[in-house]
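Structural overview
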Amino acid sequence: MEHKKKSMFGMWLLHMIQHAAFVTAVVLVAVVLLGSYVVVDTVKGRTAYNLMGTDQDVPFEDSDLFNTLLGNSASDLICYGTIRGQLETEGQLDVKKEVDVTAFAGRYGGMEPEYITARYYLDDLLKWAQAGFSYEEVSMSGEDVDRFLSRSRTVTRIHLEDYGGGRVSYLNSDLSNAVTTVDVSGNLLEEGITDRDAVTATILNNRYYTVDGKRIENQVSTWEEYYELCRNVQKAAEDLNTNYNEYLKYKEYYDPKNTNVVYFIRRTIGDEVQVFSNLENEMKSLPALKKELQSQCSRYLYYNAGEMEYETNTRIEEGTIRYIVNGYEYSYPEDTQIMIGVRSDYRAEDCFYKAKEGFQSFLPYLWQYLIGGAVCGGIYLLLLAVLTLKEDGKMRTDRIPIEVMVIGGAGIGAGLLFGIKGLANLLWQTASDLLILVFAGTAALLVSLLFSFFYYSIVRRIKRRSLWRESLVRRLIRLAVKGISRAYDQADVLLRVWGPFTVLCLVNLAGGTLAYALYHNGVGKLKLILCLLLLAAADGMAGYVLYRSAMAKQKILKGIELIREGDLTHKVAEEGMHGEDLHLAQAVNSIGESVRAAVETSMKDERLKADLITNVSHDIKTPLTSIINYVDLIKRENVQETKIREYIEVLDAKSQRLKQLTDDLVEASKISSGNIVLQWEKINLVELLHQTIGEFSEKFEAKALHPVINAPKGSVLIEADSRRIWRVIENLFNNVCKYALSGTRVYIDLEFLKEEETQRQIQLSIKNISAQPLKVKAEELTERFIRGDESRTTEGSGLGLSIAKNLTEAQRGSFEIVVDGDLFKVNLTFPLIQEK
């Protein structure tokens with residue numbers, strides 16, 4: 001036992017070391033990741049940058065990290081400038097700015113010299129996109145179409161020959177003097193265009209009207225033009241809504257209070273100079289803006305597309321900025337000037353501030369932690385191999401089927417990994433490095449425990465060779481084999497039940513397929529109705545057969561119920577039954593006939609037995625009476641010899657016992673055959689008990705028994721036969737005198753029971769302690785000739801309790817015997833007579 005405890009402790013210790021090694025390896029890897037990455041907040045969310053391989057000898061402003069962040073900021077600000085040009089007027093958000101939806105939707109492809117469009121206010125398009133575009137299918141006649149679509153279309157024309165030098169867009173060029181809007185009209189019906197035919201059209205619900213209060217359908221004259229303009233309206237609204245959300249993020253992120261980035265973007269649209277900047281005085285001259293930005297920033301870049309000028313003290317090349325600007329060519333004309341810098345004092349805690357902190361706290365010797373993590377991982381794998389060899393025995397969890405283990409493990413593992421991933425993302429954004437390391441260690445411990453639980457369970461099963469034997473698949477296969485075997489054994493039943501059912505299903509399937517084919521082939525309604533009627537007739541016939549079978553089974557069940565209730569002459573009518581219903585009815589009739597014959601035979605035997613007992617008892621009683629009389633005469637003689645007197649006493653006792661036994665046999669025979677007549681009268685149980693106790697006082701004293709009676713005051717009346725109820729109580733008291741332990745109390749309790757639905761009841765309980773161990777069951781003591789004294793050293797016939805029970809039940813009472821160790825208890829229950 002001591003050796004086993006030491007072995008179990010050793011295994012437990014190895015498991016703990018294994019988990020500790022895995023947790024240490026994960027924590028060391030987490031330290032490496034936290035020390036080699038810097039996480040900063042950008043417009044697009046938190047972003048991690050790898051510091052491995054970074055030259056720590058150069059200033060932060062000359063590092064790859066700084067230049068990467070500045071390049072990303074340049075890309076963000078050029079995009080921000082484009083969005084500001086779409087949404088702002090004079091540097092402020094203008095919700096009443098007019099938007100040419102076709103020109104905006106096609107901004108990447110350039111302007112067409114002629115196109116159909118509609119002009120909406122900016123806030124209407126934004127609200128429309130946020131609410132969603134809804135369409136509905138509408139069936140229209142030719143007249144409805146003529147009323148819906150306009151008989152003229154509004155065309156916008158641009159004279160592009162006056163513009164050169166790059167892509168022309170309404171966002172990068174002043175087109176006010178080059179755009180004309182005309183209505184092209186004509187009687188389209190006379191020209192033979194079929195758009196006016198009756199159609200089912202997809203109509204856009206006009207949530208908002210154009211600037212001049214028109215609907216989309218008022219601008220077009222054909223369905224093709226209508227659908228094209230609807231697409232342009234939806235695309236323009238959705239793009240503007242996306243840009244508006246980006247605009248809000250850019251505006252907050254590059255606010256001077258929140259960022260160290262300083263910028264200005266200057267462009268000329270016609271005669272208007274537009275400046276987008278976060279400088280305090282953005283309308284200064286270009287040289288003044290450059291000078292102010294250079295004074296605040298240690299690193300900057302300046303790009304002038306028109307003058308082919310690029311100036312920077314960073315590692316960002318001109319080609320990078322040109323590539324970014326070309327991506328928004330529709331928004332920036334050729335004379336655009338862009339200048340971006342980073343304040344040297346890092347007054348705001350933005351991405352540059354956080355990156356500089358991480359750059360300066362970078363640990364250059366992280367490879368040592370990686371080696372430590374690798375060593376811990378090696379220890380974990382070594383202990384995994386050792387424990388795999390040592391793991392043995394069987395645990396309670398091994399009772400779970402392997403399939404449940406695998407599926408449960410996969411589910412728990414997936415849930416755990418999903419939870420770890422979600423919590424890790426949350427901690428990555430908000431928590432400190434210490435809290436992240438604690439989380440990594442906790443997650444590693446959970447993963448290690450989960451893996452060990454499932455892995456070592458599988459190892460133990462493999463070693464016991466029970467992986468397949470205890471698997472759920474094997475159990476299912478065995479159940480399937482049993483099911484197939486059972487089905488094979490009951491093939492006739494399956495054939496009778498499933499055969500007709502399968503035929504009915506095939507008929508319905510064939511009929512339904514035929515009806516479907518007739519309907520879609522356009523045949524006459526008469527054939528289709530005929531096919532359906534034939535199908536309904538087949539189903540009706542099947543239903544009628546099932547109905548007849550159900551009625552037959554109901555008759556059989558009713559016959560069984562009648563036979564069970566005692567009508568043994570009942571016969572189930574077999575007319576109209578077929579198959580198994582007929583066989584079942586014949587079997588029930590045969591069983592009823594057999595039961596009736598058996599009952600008659602039993603009653604006949606019972607009568608013969610009762611007659612035999614009566615006759616024998618009568619034949620015995622005649623000479624027995626003579627013997628008793630002669631013994632009584634001899635006793636009157638003055639016999640002096642002692643031995644002769646003893647013989648006479650023995651003869652007297654035995655003859656009296658034989659007389660009692662004969663009377664009991666006759667009484668028991670009469671009761672069992674029902675050949676007794678009861679004289680019903682009111683009986684006071686309290687008075688009867690006191691009288692009986694008085695008559696048995698000498699016998700109680702002879703056995704040193706002390707009767708204790710607990711009875712209600714007053715009368716307790718029941719309806720019974722006075723002679724028979726006396727015999728019941730007499731038999732019970734005789735039983736007490738014969739078998740009770742001398743020197744003990746006999747408890748006689750009379751108490752009222754709870755009221756039932758009909759009438760109240762009284763219960764008489766007689767309890768005593770048995771002198772001999774009671775090795776007989778309580779229900780067996782009421783059988784004939786059964787005695788609690790198996791050695792039969794006491795006088796008694798074994799009929800007293802049987803007679804008492806039968807007489808009690810004959811007088812509408814109940815008789816119960818309770819045996820608890822040496823405690824013997826009899827409960828008699830009778831209905832009370834309600835006193836008026």
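Scroll up to find the structure this text is about.
Residues numbered from 1 in each chain as written. Predicted model: local features only at pLDDT ≥ 70, side-chain atom pairs only at ≥ 80, totals over all residues. Heavy atoms only, no water.

**Focus: the overall build of the protein chain**
The helix and strand inventory of the protein chain stands at 21 helices and 23 strands. The burial tally for the protein chain puts 38% of its 836 residues in the buried class. Considering only contacts within the protein chain whose residues lie at least 6 apart along the sequence, 73% involve residues at least 24 apart. When the accessible surface of the protein chain is split by element, carbon and sulfur atoms take 57% of a total near 48,700 Å². (Helix = DSSP H or I, 4+ residues; strand = E, 2+ residues; numbered from the N terminus. Buried < 20%, exposed > 50% of the residue type's maximum accessible area, 1.4 Å probe, protein only. Contact = heavy atoms within 4.5 Å. Areas by Shrake-Rupley, 256 points an atom, 1.4 Å probe, with all protein chains shown as cover.)

**A short note on the nonpolar core**
Trp-223, Tyr-226, Val-233, Ile-340 and Phe-352 are the most contacted members of the largest nonpolar core, which has 74 residues in total. In terms of residues, this core owes the most to one element, helix α6 (residues 223-253), which gives 12 residues. Discounting residues that sit within four places of it in the chain, Tyr-226 has contacts with Phe-148, Leu-149, Thr-202, Ile-203, Leu-204, Ile-216, Glu-217 and Val-220. (Core = buried A, V, L, I, M, F, W, Y, C linked by side-chain atoms within 4.5 Å.)

**Focus on unusual backbone geometry**
Positive phi outside glycine occurs at Met-308, with the angle close to 55°. If you trace the backbone, Met-308 turns up in the loop between β14 (297-304) and β15 (309-312). Overall, Met-308 belongs to the exposed group, its relative accessible area being 67%. Although it is not a glycine, Arg-812 adopts a positive phi angle of roughly 65°. By the secondary structure assignment, Arg-812 is in the loop between α21 (800-810) and β22 (814-820).

**Topic: the sheet that holds β22**
What the 5 strands build is an open sheet, ordered β18-β20-β21-β23-β22; its pairing is mixed. Where the open sheet ends on each side, the last strands, each with one partner, are β18 (706-710) and β22. In this sheet, adjacent strand axes meet at a mean angle of 15° when their direction is disregarded. In the sheet, β22 pairs with strand β23 (residues 823-831) via 7 bridges, with the strands oriented antiparallel. Of the residues in β23, the one forming a bridge with Val-818 is Lys-825. Strand contacts of helix α18 (residues 685-695): β18, β20 (745-752) and β21 (761-769), with the helix running at about 170° to β20, the strand carrying the most contacts. (Pairing = 2+ DSSP bridges. Axes fitted to C-alpha atoms, helices over the stretch in contact; angles between N-to-C directions.)

**Some remarks on the environment of Asn-710**
Mapped onto the fold, Asn-710 is located in strand β18. Once the C-alpha coordinates of Asn-710 and Ile-748 are considered, the two residues, 38 residues apart in sequence, prove to be 6.2 Å apart. Contacts of Asn-710, omitting those with residues within four sequence positions, involve Ile-748, Asp-749 and Leu-750. A polar side-chain atom of Asn-710 sits 2.8 Å from a polar atom in the side chain of Asp-749. (Polar contact = N/O pair within 3.5 Å; in protein donor to acceptor, adjacent residues only side chain to side chain.)

**Digging into helix α4 (residues 122-131)**
In terms of residue burial, α4 counts as a mostly covered element, since 7 of its 10 residues are buried. By the burial criterion, the buried members of α4 are Leu-122, Asp-123, Asp-124, Leu-125, Leu-126, Trp-128 and Ala-129. Positive phi shows up at Gly-132, right after α4, with a value of about 100°.

**Comments concerning the side chain of Asn-232**
Tracing the backbone shows Asn-232 in helix α6. When residues no more than four places from it in sequence are discounted, the contact partners of Asn-232 are Val-101, Thr-102 and Ala-105.

**Concerning a nonpolar patch on the surface**
Taken together, Phe-9, Trp-12, Leu-13, Met-16, Ile-17, Ile-371, Val-375 and Ile-379 make up a surface patch of nonpolar side chains, about 730 Å² in accessible area. Listing elements by their share of the nonpolar patch, those giving two or more residues are α1 (2-36) and α10 (366-390). By residue number, the principal contributor to the nonpolar patch is α1, which donates 5 residues. Positionally, Phe-9 belongs in helix α1. (Patch = residues over 30% accessible without salt bridge, like charges linked within 9 Å, V, L, I, M, F, W, Y side chains within 5 Å. Salt bridge = Lys/Arg side-chain N within 4 Å of Asp/Glu carboxyl O.)

**Notes on the pairing of strand β16 (residues 337-343)**
Burial analysis of β16 places 7 of its 7 residues in the buried class, which makes it a mostly covered element. Along β16, one buried face is formed by Gln-337, Met-339, Gly-341 and Arg-343 and the opposite face, lined by Ile-338, Ile-340 and Val-342, is buried too. Where strand β12 (residues 261-269) and β16 come together, 6 bridges link them in antiparallel fashion. Of the residues in β16, the one forming a bridge with Val-261 is Val-342.

**What about the pairing of strand β1 (residues 37-42)?**
Side chains Val-38, Val-40 and Thr-42 project from β1 onto a buried face, and the interleaved Tyr-37, Val-39 and Asp-41 project onto a face without burial. The hairpin turn running from β1 into strand β2 (residues 45-50), its antiparallel successor, is 2 residues long.

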